[in-house]
Amino acid sequence: MHLVFISSLVPVAAPSSGYDIANRVIADAIRMLGHQVSVIGFLQPGQEPAPEGRTRLLGELEVTNARVGKWQKAKWLKDAFVHGEPVSVAKMHAATPGDVRAALAELQPFDGLILNSVQLSGAFYDIFRAFPHVFVAHNVEAKTAAANASGAASSLAQMLYARDARLLEHLESTLCNGARHVFTLADADRSGLNLADSGRATTLPLVTSVMPPEVREEETGGDSAIHDAGLIGSWGWAANRAGLDWFLRRVAPLLPVDFTVAIAGSLGATPPDVPGNVRFLGRVPDARAFVRSCRVVPLVSRTGTGVQLKSIETFELGLPAVATGNALRGIAAIPENCRRADDPEGFADALRSVVGRARAGVDLRLDGRAFHARQLAGLKAGLERGLADLSPDG
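*Asks:* Which parts of the structure should I look at to understand the pairing of strand 1 (residues 2–9)?
*Replies:* Walk down a regular strand and you will see the side chains alternate between the two sheet faces. Most of strand 1 sits inside the fold, with eight of its eight residues counted as buried. Relative to strand 2 (residues 36–43), strand 1 runs parallel, the two sharing seven bridges. When the sheet's bridge partners are listed, Leu3 is paired in strand 2 with Val37. The β-α-β motif built from strand 1, the intervening helix 1 (residues 18–32) and the parallel element strand 2 has right-handed crossover chirality. Sheet topology places strand 1 next to strand 4 (residues 112–116); five bridges connect them, and they run parallel. Residue Leu3 lies in a different strand from strand 4, and its bridge partner there is Gly112.

Written out as structure tokens, the structure reads:
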């Protein structure tokens, strides 16, 4: 089939964010099934579209709040109220209905649409609903917005997040009801979208690339780590920051003074006060080289929906980890070198145990290619099952 992938941000050549990685992997996996995939969406400044397939850009668009000025944020808020939409959806009106119709016309003939997440799909659903389509729910967006409302620092922010949650719940319901099949990235999200018992909903296991991870010779043994524990992420995102704050406030103080913790990635705010054994590195040039330099990777997600791609990447690299239950959502088979802990004391105990063994020379790393192969096989099988509902013979 010829399928058109509708996404706020198009798959890019060098994905780095979780959303970009998921977009690229899903599009590539559909191509691996033998389908032709074209793409419609915006390109984030500084990125290049993925080379595979045909991409019809609606323009360049910066969608990250932290990278735009107050006037752009005010315009987005104004548009949200004008259109009666969540703010993330209103951002998509940088394109017009005429732009969207023209892009679809250029890619005809096609067999169906893949509506990827709520933003672009929701902004122009009156156009997209005329074609056979499936919907990819990266998260339960309404639940995330409601959680943000609960933790908002001001009454205004609380009101705006609550408004988004209410509108997103209605929009997600509309998209799920109109789709021939719905894909989620975690089993729990099927329940969150009221699809737990639906025969037209499938959970997709994810990988960070359809290509298997490389195994480097220097990783086959020994202890050459630079840090005891290393965390990396986009900490400006509220859900990620909640996990980091929990770790710094509740877990780090329980670790020995000689237990070194390195935190990579942009904080988006002033670093909090932390024990002397914790260092903030900011952005690092090579994320994988950084986590490989750590004896253990703490996976500290406490809230949010969808899947944690940092967890998947850690397991693909075969690295030892200690993870909260929330960090393991969307992962069916947890590797043997990952320990789960949800309370601060248990988390700290697990970290001390793993690092103690690594310092003693025990190689706790695994060949992550087996984990990757299981995830990719599940991804392809899930896509094949759901896309059959778009087939003329389905």
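*Asks:* How should I be thinking about the environment of Cys294 in this particular structure?
*Replies:* As for its placement among the helices and strands, Cys294 is situated in strand 11 (residues 294–299). The exposure class of Cys294 is buried, given its relative accessible area of 6%. Along the chain, Cys294 and Ile127 lie 167 residues apart, while their C-alpha atoms are 49 Å from each other. Once residues lying within four places of it in the same chain are set aside, the contact partners of Cys294 are Ala225, His227, Asp228, Ala229 and Gly230.

*Asks:* I'm lost on the environment of Ile26 in this one. Help?
*Replies:* Take Ile26: it is sitting in helix 1. Judged by relative accessible area, Ile26 falls into the buried class, the value being 0%. For the pair Ile26 and Pro256, spaced 230 residues apart in sequence, the C-alpha to C-alpha distance is 42 Å. Non-local contacts of Ile26, meaning those with residues more than four positions away in its chain, are made with Phe5, Val136, Leu185, Leu206 and Leu383.

*Asks:* Even after reading the chapter, I still don't get the sheet that holds strand 1, so can you show me in this structure?
*Replies:* In sheet architecture, strand pairing relies on hydrogen bonds along the backbone and comes in two forms, parallel and antiparallel. Reading across from one edge, 3-2-1-4-5-6-7 is the order of the seven strands in this open sheet, with parallel pairing throughout. With one partner strand each, in any of the chains shown, strand 3 (54–60) and strand 7 (201–203) form the two edges of the open sheet. For this sheet the average axis-to-axis angle between neighbouring strands, irrespective of direction, equals 20 degrees. Two elements, strand 4 and strand 5 (residues 133–137), share four bridges in a ladder whose sense is parallel. Paired with Asn116 across the strands is Val136, a residue of strand 5. With respect to the sheet, helix 1 is in contact with strand 1, strand 2, strand 4 and strand 5, its orientation differing from that of strand 1 by roughly 175 degrees.

*Asks:* Would you explain the sheet that holds strand 12 (residues 321–323) in this entry?
*Replies:* Strand order in the open sheet formed by six strands is 10-9-8-11-12-13, with parallel pairing between adjacent strands. In this open sheet, the two strands that pair with only one neighbour each are strand 10 (278–282) and strand 13 (338–340). Recorded for the sheet is a direction-independent mean angle of 25 degrees between the axes of neighbouring strands. Alignment of strand 9 (residues 261–264) against strand 10, held across four bridges, turns out to be parallel. Directly across from Ala262, in strand 10, lies its bridge partner Arg279.

*Asks:* Quick question: what am I supposed to make of empty space enclosed by the protein here?
*Replies:* A probe as big as a water molecule, rolled over the atoms, marks out the empty space that is left. For the structure shown, the criterion picks out one cavity of 30 Å³ or more. Space inside the largest cavity adds up to approximately 30 Å³. Considering the residues around the largest cavity, the lining is formed by Pro11, Arg24, Ala27, Asp28, Arg31, Val39, Ala50, Glu52 and Thr55. The greatest single-element share of the lining of the largest cavity, amounting to four residues, is contributed by helix 1. A class-by-class count of the residues in the lining of the largest cavity yields four nonpolar, one polar and four charged.

Parameters and conventions
- Starting afresh in each chain, residues are numbered from 1 along the sequence in its written order.
- Residue-level local features of this predicted model are given only where pLDDT is at least 70; pairs of side-chain atoms are given and counted only at 80 or more, and the full residue set underlies all totals for whole chains, interfaces and linings.
- By convention in this description, side-chain values take in all heavy atoms of the structure and omit both hydrogens and water.
- The rule is simple: take the accessible area with a 1.4 Å probe, protein chains only, and divide by the maximum for that residue type; under 20% is buried, over 50% is exposed, in between is partly exposed.
- Only DSSP runs of H or I covering at least 4 residues are called helices, and only runs of E covering at least 2 are called strands; the numbering of each starts at the N terminus.
- Whether two strands pair depends on DSSP finding at least two bridges between them.
- Crossover handedness is defined here as right-handed if the route from the first strand over the helix to the second strand goes clockwise, with the strands pointing away from the viewer.
- Working rule for contacts: check all heavy atoms of both residues, and any pair within 4.5 Å makes them a contact.
- Fitting a line to C-alpha atoms yields each axis, with helices limited to the stretch in contact; the angle taken between N-to-C directions then spans 0 to 180 degrees.
- Cavities and pockets are defined on a 1 Å grid built over the protein atoms alone: a cavity is a set of grid points where a 1.4 Å probe fits but cannot escape, while a pocket is an open set with protein on both sides within 12 Å along at least five of seven lines, and lining residues are those with an atom within 4 Å of any such point.
- Grid points are joined across faces, edges and corners, and a volume is the space filled by probe spheres set on the points.
- Nonpolar residues are Ala, Val, Leu, Ile, Met, Phe, Trp, Tyr, Cys and Pro. Charged residues are Asp, Glu, Lys and Arg, and all others, Gly as well, are polar.

Just distances and angles here, no functional claims.
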